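A look at the structure
Each chain is listed here by its residues.
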Amino acid sequence: MTHKTDTRLSHAGNKPEANFGIVNPPVYHASTILFPTVAAMEEGSKNKLDSVYYGRFGTPTTHAFEEAVAELEGGYRCVSYPSGLAAVTGVLLAFLKAGDHILMVDSVYFPTRKFCDGFLKRFGVKTTYYDPMVGAGIAELIRPETKIVFVESPGSLTFEVQDIPAITEAAHDKGCIVVMDNTWSAGYFFKPFEHGVDVSVQAATKFLVGHSDAMLGTAVCTKETFEPVKWTALDLGYCAGPDDCYLGLRGMRTLGTRLRRHQKSGMRLAEWLAGRPEVARVMHPAMPGAATHDLWKRDFTGACGLFGVVLKEGPSKKALAAMLDGFEIFGMGFSWGGYESLMIPTDPGHIRTASSWPDKGPCLRIHTGLEDVDDLIDDLKGGFERLNSSD
Ligand SMILES: Cc1ncc(COP(=O)(O)O)c(C=O)c1O
């Protein structure tokens, strides 16, 4: 019997029969693993990726978390990392060498961009940024030395959904692999391997952990991409801590329930905001009329509560600060995906190099938490009163 995602999330990675019937896997703290004989040590050495060999290679806690994430995203195996950014950089380094070229989406998470423009450039890898709306047109940008097409959908801050099937088809035709930052969908609302992605990265810090209390990254791989990704993580000395993997796995048990609530409240806020006179447009792919709504509808099964708002031109910096500083519920902080609502000012126009940004008004990024949505709307109303009454 094939079980649905929520059923699988309730059990993935758990092995009570191996742990005295205890439901959750224990947290193994380990560096040294003892071998009873030289023969066992030699055997362990041959089988490093599939056994408990040395702390850095992972413990049963790490393996339980990785097994669950691979199952969630529908990939072959998962590699865990000490942060989402470590997962992004570790995966890029697995496939690149001096002289290579990477195609990077212009709406990518800023630290990924910084890694390309600084670190990769220093090691002789060139990056070209491309318009998130490129679709099959990516084929024209692929050079003989292009190794990776990197996608992040929807894009950070601006939330354009990319045409992933068209991009993966064009990339594979020209011998490139496609790496995706799939954090927004949490691997729950978008199934990367059904759309041709070769490695799906998540900042598990966000929705998988879900409680704003641990840093964690994941890379789910195909059979072909797993070994290079895993060995590169080992070469770089990346390993996720057992307590954090435990928190990641615990967060996954309630992922579906939390995401549905984030989605419902997020849609309410987005619709309410779209009706405000101060708002120029709402950047939420699940809103009919949004630029890439059709792609979202075709490829995604839902939406988290993270979206953007463009305000009409006019408010001063002081007025915007009065709005943001005075919220009772919305906090100002970067790491989204937790239970608490957040709002920060953003400036997408200053980051892009391959696509233009038409809007002149200030932008906001909202993470809709699990609070009562009517309270959130009251908090937003107060924010607009402060915006309008400040000179
Ligand atoms: C889309 C995206 N990818 C990656 C990261 C990096 O994750 P971490 O903060 O766990 O390093 C973030 C963090 O905000 C993110 O928003």
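Below is a short write-up of the structure.

Definitions and cut-offs
- Residues numbered from 1 in each chain as written.
- Predicted model: local features only at pLDDT ≥ 70, side-chain atom pairs only at ≥ 80, totals over all residues.
- Heavy atoms only, no water.
- Axes fitted to C-alpha atoms, helices over the stretch in contact; angles between N-to-C directions.
- Helix = DSSP H or I, 4+ residues; strand = E, 2+ residues; numbered from the N terminus.
- Parallel < 35°, antiparallel > 145°, perpendicular 65-115°, else oblique.
- Left-handed = near helix turned anticlockwise from the far one by under 90°.
- Contact = heavy atoms within 4.5 Å.
- Pairing = 2+ DSSP bridges.
- Near = heavy atom within 4 Å.
- Polar contact = N/O pair within 3.5 Å; in protein donor to acceptor, adjacent residues only side chain to side chain.
- Areas by Shrake-Rupley, 256 points an atom, 1.4 Å probe, with all protein chains shown as cover.
- Nonpolar A, V, L, I, M, F, W, Y, C, P; charged D, E, K, R; others polar.

This next bit is on the packing of helix H11 (residues 317-325) against helix H12 (residues 373-389). Between H11 and H12, the least distance of the axes is 8 Å, while the angle of their chain directions is 155°. The angle between the axes of H11 and H12 places the two elements in the roughly antiparallel class. In this structure, H11 meets H12 at a crossing whose hand is right-handed. Listed contacts from H12 to Ala319, Leu320, Ala322 and Met323 of H11 are Gly383, Phe384, Arg386 and Leu387.

With that out of the way, let us pick up the sheet that holds strand S3 (residues 126-130). Read across the sheet, seven strands follow the order S1-S7-S6-S5-S4-S2-S3 without closing on themselves; strand pairing throughout is mixed. Lying at the two open borders of the sheet, with one neighbouring strand each, are strand S1 (77-81) and S3. Here the strands of the sheet are splayed against their neighbours by 20° on average, with no regard to which way each runs. Sheet topology note: the strand S4 (residues 146-152)/strand S5 (residues 177-181) ladder contains five bridges and is parallel. Residue pairing in the sheet places isoleucine 148 in a bridge with isoleucine 177 of S5. Those strands touched by helix H3 (residues 60-73) are S1, strand S6 (199-203) and strand S7 (217-221), and its axis lies near 125° from that of S1. Relative to S5, helix H6 (residues 164-173) is tilted by about 150°, and along the sheet it contacts S3, S4 and S5.

Our next topic: the site of the ligand. Within the structure, the ligand sits among 13 residues, and Gly84, Leu85, Asp181, Thr205 and Lys206 are positioned closest to it. One of the backbone N or O atoms of leucine 85 is found 2.9 Å from an oxygen atom in the ligand. Tyrosine 109 has a polar side-chain atom sitting 3.5 Å from an oxygen atom of the ligand. Protein chains shield 91% of the accessible area of the ligand, which is 390 Å² for the free molecule. A breakdown of the residues in the shell around the ligand according to their chemical character gives five nonpolar, five polar and three charged.

Interpretation in functional terms is not warranted from these geometric data alone.
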